Amino acid sequence: MIYRSWLRSEGMTPEVFDGRPVIGIANSWSELTPCNAHLRAVADAVKRGVWQSGGFPLEFPTMSLGETLMRPTAMLFRNLMAMEVEELLRANPLDGVVLLSGCDKTTPAMLMAAASTDLPAIMVTGGPMLNGKFRGADVGSGTQVWRFEAELVAGRMTQEQVLAAESGMARSCGHCMTMGTASTMACMAEALGMQLPGSAAWPAADSRRYVTAQSAGQRIVQLVREDLRPSQIMTRQAFENAIRVNAAIGGSTNAVIHLLAIAGRLGVPLRLDDFDELARPVPTLVNLMPSGRYLMEDFCYAGGLPAVMLELQDFLHNDHIGVTGHTLAETVAGAECWNRDVIASLDAPLQPPGTGTAVLRGNLCPGGAVIKQSAASPHLLKHRGQALVFDSIEEYHEVSGREDLPVDASTVLIVRGAGPKGYPGMPEIGNFVLPRKLLERGVTDMVRISDARMSGTGFGTVVLHVAPESAVGGPLAFVRSGDWIELDTPGRTLTLDVSDDELARRRVGWTPAQPPWSRGYTRLYHEHVLQADQGADLDFLVGASGAEVPRHNH
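Criteria and cut-off values
- Residues numbered from 1 in each chain as written.
- Predicted model: local features only at pLDDT ≥ 70, side-chain atom pairs only at ≥ 80, totals over all residues.
- Heavy atoms only, no water.
- Pairing = 2+ DSSP bridges.
- Helix = DSSP H or I, 4+ residues; strand = E, 2+ residues; numbered from the N terminus.
- Axes fitted to C-alpha atoms, helices over the stretch in contact; angles between N-to-C directions.
- Buried < 20%, exposed > 50% of the residue type's maximum accessible area, 1.4 Å probe, protein only.
- Expected span 1.5 Å × (residues − 1).
- Phe/Tyr/Trp six-rings, centres within 6.5 Å; stacked < 30°, edge-to-face > 60°.

Considerations on the sheet that holds strand β14 (residues 493-496)
Next, step 1: An order of β7-β8-β12-β11-β10-β9-β13-β14 is seen for the eight strands of this open sheet, with the pairing classed as mixed. Taken across any chain shown, the strands that pair with only one partner, and hence form the sheet edges, are β7 (357-360) and β14. Within the sheet, the average angular offset between the axes of one strand and its neighbour, ignoring direction, is 25°.
Next, step 2: With four bridges joining them, strand β13 (residues 484-488) and β14 adopt antiparallel strand pairing. Its bridge partner lying in β14, E486 is registered against T495.

Shown next as structure tokens:
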């Protein structure tokens, strides 16, 4: 009686307590997360679907992570959001949940929580913004930011022009409309089978985004009745499909860290090297920024992810079952491609096989590092140059505009101290803007190496996620300016031309980074975060746990 009476205070009629499935709607809406600011309207559409199918919807707020505003970086709080959503799902009397996400880290955080609780779940991402417009051309959020920033630094663009560009770049609700991390993770949710087919690509401002949400509300009720759970959907086969799809769409390097973390929550064996081995035979098919020229709105109208997965069927596990309850083969059987400029065929791909995310090994990155080949400069994928080292991105910014900076186009720029523990939180600074004097001379790309991440909207010949990071004593901590470094992407190696004995001498007297704060979540994070090659989750959250609920004392 007590539980029903309090819900009756919200004006609920008696029949909602007749045993029908109780469906939580986990809403990461926040005005501090511009990408998710429209999710209250999306939640209303979900509720319609739940009511239609005989469920009882109850919306609740969750933490929200806005990549654009949070400091020091939203990635610091991905694990906190995953913990919070997990505990909310355990603590409340829910039979199933619809996960409403959008911005970069909200999607993986919610999938991590769903993986840990294993409650029937379905994801609804908020959708990309409409194509940006500036001076009669399409401009992509994020990708064009980096280009315009470089043009501003080089003096080829004025501040007034930048202000005009930014007003047309983000002109509707939704997340980045490039194939950045938000769009990538929406596609990963769909490829894993946790999102309805085609729903990753519908623009946030399109009425069909709300049709998708209503359909998800209908479907979650059936998922509860069928007892189809995330652990049955996000299998090893599902992750193999997602990795291959990520290669075909030119997806973000951040997908590597997030998929490793989600798999870790389920106990699914997944290694960093899987991302290279599984992706090597897959060509890049999707012609979207930053690897190509189009944007998510074009991708949607060209056929979206189902058209890509239909093209990739020979590479995928077609008997995999997702939230639809149908096999992948059945799900994509009716898919069609309407624009081969946007979604290429296997016979005429945008880029050949082996041009996706590459995993590098060597004495500079014994735990691995990654590079997004499709967004790099081909002539730099094999390169030898002398290092110019900075211990922080702030240190680099202080001198990057100096004319006397000892740098030329062959220099290998290194920024360290930006890994999971080092910053803390592993910020998206790996594709830092080039030195001013080189930009003014027309240099557009250089080899850059960091233990940081970069935005999925970013581009350039950037080696990321170097593991172990410098803050825990990885070799990156002992590189000195003037050292020779060799990048051999085709050979999958990253080599520091310094002997093991010399590295050992440099290590003498080194001490690890101290916790940046003495209390709270950040201290907990610093003490327990894993390295990038393990998904940067907290060590005590790894492993399947299921939907157990603490026992009550009354």
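Next comes the rest of the description.
A closer look at the environment of V282
Next, step 1: Examined against the element boundaries, V282 turns out to sit in the loop between α12 (272-277) and α13 (296-302).
Next, step 2: The exposure class assigned to V282 is buried, which follows from its relative accessible area of 0%.
Next, step 3: For the pair V282 and A247, spaced 35 residues apart in the sequence, the C-alpha separation amounts to 6.4 Å.

Some words on helix α11 (residues 254-266)
Next, step 1: The end-to-end C-alpha separation of α11 is 19 Å, in line with the 18 Å expected for 13 residues at 1.5 Å each.
Next, step 2: Remark: G267 follows α11 within two positions and exhibits a positive phi of approximately 80°.

Topic: the pairing of strand β9 (residues 382-390)
Next, step 1: Here β9 runs beside β13; their pairing, made up of five bridges, is antiparallel. Its bridge partner lying in β13, K382 is registered against D488.

Structural notes on the packing of aromatic side chains
Next, step 1: Under the criterion given, the structure shown has eight aromatic pairs.
Next, step 2: Taking the centre distance of 6.1 Å and the plane angle of 50° together, the rings of Y521 and Y525 count as tilted. Note that Y521 and Y525 are positioned in helix α19 (residues 520-528) at a spacing of four residues, about one turn of the helix.
Next, step 3: Residue class for Y521 comes out buried when judged on its relative accessible area of 14%.

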